[in-house]
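Here's the letter readout for the chains.
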Amino acid sequence: MIALVALTAFSTNAQAQDEVQTKLRFGVKGGLNLTSFTFSEGDFNTENRAGFFIGPSVKFALPLIGLGVDASALYNQKESKIGTVTVKDKSVDIPVNLRYAIGLGSTANVFLAAGPQIAFNLGDKDISLDTAKEWRFKDSYFSFNVGGGVVINKFQIGVNYNIPISKTSDVEWKDATNQIFHADSKAKNWQISLAYYF
C-alpha cells in the first residue's frame, strides 16, 4: 500500500514537472522588417527599405492563465535610402515581451505581446552622406515592441511594430564656417516573423 502511494505521488510529481517543462520552449525566429527613418529637424528624401532579422528565441508560459514571457537575441539588419546613399543599420537586438495568449484548441492560440528592446550596433558608426552631411549611429538604443500573432503547434507567426524611445543616430551638417548643426534620427520598424519552437 505504501509503495502504491509512493508510486502515485512520484507519477503525479513527474507529470506536473513535465507539464511545467512543456511550457518552456526554445526556438529560432526570423523575419523581415520595413524601416522608416524620421528626423527631429531638416528635410531628407528618405525611402523605406526592407531588412531581415534572425536568431535564437525562448518563451515561457504560465499554466492556465495565458500569461507568458518571450525573449530573443536577433541579428537585425535594417536599411533606408537617403538621397542617393543607402544607410544600413546592423545590430544585435534583445527584445523581452510580456505575452497574453488565448487558446483556440489544444494545438493553437492567438497572442498579444509588448515589451522593451535594446539594440547594440555592429555596423559602421560613421557614414558620409555627402561632403556636407555625416550620419553617425549610436552604440546602443532603446525601443518598445507592440504586436501579436498566432501559434500553431510548434510554429509562430507574428506581426510587430517597433517604436523608438532613444535616438538611433545623429546627422551632422557643416556649413562654410565649420559650424555644426545636429538632427536626431529614429528608425521605426514593422516586422513580420516566423518562429519555430522545439
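Residues numbered from 1 in each chain as written. Predicted model: local features only at pLDDT ≥ 70, side-chain atom pairs only at ≥ 80, totals over all residues. Heavy atoms only, no water.

Moving on, we come to the overall build of the protein chain. Each helix and strand counted, the protein chain has one helix and 13 strands in total. Listed N to C, the secondary structure of the protein chain is α-β-β-β-β-β-β-β-β-β-β-β-β-β in terms of helices and strands. Out of the 198 residues in the protein chain, the part that is buried amounts to 35%. Restricting to contacts in the protein chain with at least 6 residues of sequence separation, those with at least 24 account for 61%. In the structure as shown, the protein chain presents an accessible area of about 11,400 Å², 64% of it carried by carbon and sulfur atoms. (Helix = DSSP H or I, 4+ residues; strand = E, 2+ residues; numbered from the N terminus. Buried < 20%, exposed > 50% of the residue type's maximum accessible area, 1.4 Å probe, protein only. Contact = heavy atoms within 4.5 Å. Areas by Shrake-Rupley, 256 points an atom, 1.4 Å probe, with all protein chains shown as cover.)

Another point: the pairing of strand S3 (residues 49–61). When S3 meets strand S4 (residues 67–72), the two strands line up antiparallel, connected through five bridges. Residue Ser 57 lies in a different strand from S4, and its bridge partner there is Ser 72. Linking S3 back to S4 in an antiparallel pair, the connection comprises five residues, with Leu 64 at a positive phi of about 75°. (Pairing = 2+ DSSP bridges.)

Once that is clear, we can look at the side chain of Lys 59. Secondary-structure assignment places Lys 59 in strand S3. Excluding residues that lie within four positions of it along the chain, Lys 59 makes contacts with Lys 23, Leu 24, Arg 25, Val 69, Asp 70, Arg 99, Val 151, Gln 156 and Tyr 197.

Right, let's get into the pattern of salt bridges. For the structure shown, the criterion picks out two salt bridges. Asp 89 serves as the salt-bridge partner of Lys 78, at 3.4 Å between the closest nitrogen and oxygen. Within this pair, whereas Lys 78 is found in strand S5 (residues 74–82), its partner Asp 89 is found in strand S6 (residues 85–103), the two being separated by 11 residues in sequence. Overall, the relative accessible area of 3% leaves Lys 78 in the buried class. Exposure remark for Asp 89: the relative accessible area of 0% places this residue in the buried category. (Salt bridge = Lys/Arg side-chain N within 4 Å of Asp/Glu carboxyl O.)

Counted according to the given criterion, the structure contains four aromatic pairs. Pairing Phe 52 with Tyr 75 gives two aromatic rings, centres 5.9 Å apart and planes at 50°, and the pair type is tilted. Linking Phe 52 in strand S3 with Tyr 75 in strand S5, this pair joins segments that are 23 residues apart in sequence. A residue is classified by how much of its surface remains accessible, and Phe 52, at 34% relative accessible area, is partly exposed. Here the aromatic rings of Tyr 196 and Phe 198 are separated by 5.4 Å at their centres, their planes lie at 80°, and the arrangement is edge-to-face. Aromatic ring contacts, followed pair by pair, group Phe 155, Tyr 196 and Phe 198 into a single cluster. (Phe/Tyr/Trp six-rings, centres within 6.5 Å; stacked < 30°, edge-to-face > 60°.)

Let us look at the confidence of the model for the protein chain. Confidence in the prediction of the protein chain, expressed as mean pLDDT, is 78, and 67% of residues score 70 or more. Looking over the protein chain, one finds the lowest element-wise mean pLDDT in helix H1 (residues 2–22), namely 43, and the highest in S4, namely 96. Between residues 3–22, whose pLDDT stays under 50, and residues either more than four places distant or in other chains, the model counts zero contacts. Segment residues 176–182 is flagged for pLDDT under 50; beyond a separation of four residues in sequence, or across chains, it makes 13 contacts in the model. (pLDDT = per-residue confidence, 0-100.)

As paired elements, S4 and S6 share five bridges and run antiparallel to each other. Residue Val 69 lies in a different strand from S6, and its bridge partner there is Leu 98. In terms of strand pairing, S6 meets strand S7 (residues 108–121) through 11 bridges, oriented antiparallel. Among the inter-strand pairings, Ile 94 is bridged to a residue of S7, identified as Ile 118. Counted along the chain from S6 to the antiparallel partner S7, the turn is four residues long, and its residue Gly 105 has a positive phi close to 125°.

Attention now moves to the environment of Ala 73. Tracing the backbone shows Ala 73 in the loop between S4 and S5. A relative accessible area of 34% places Ala 73 in the partly exposed class. For the pair formed by Ala 73 and Asp 93, sequence separation is 20 residues and the distance between their alpha carbons is 5.8 Å. For Ala 73, the residues in contact, after removing those within four places along its chain, are Ile 54, Gly 55, Pro 56 and Asp 93.

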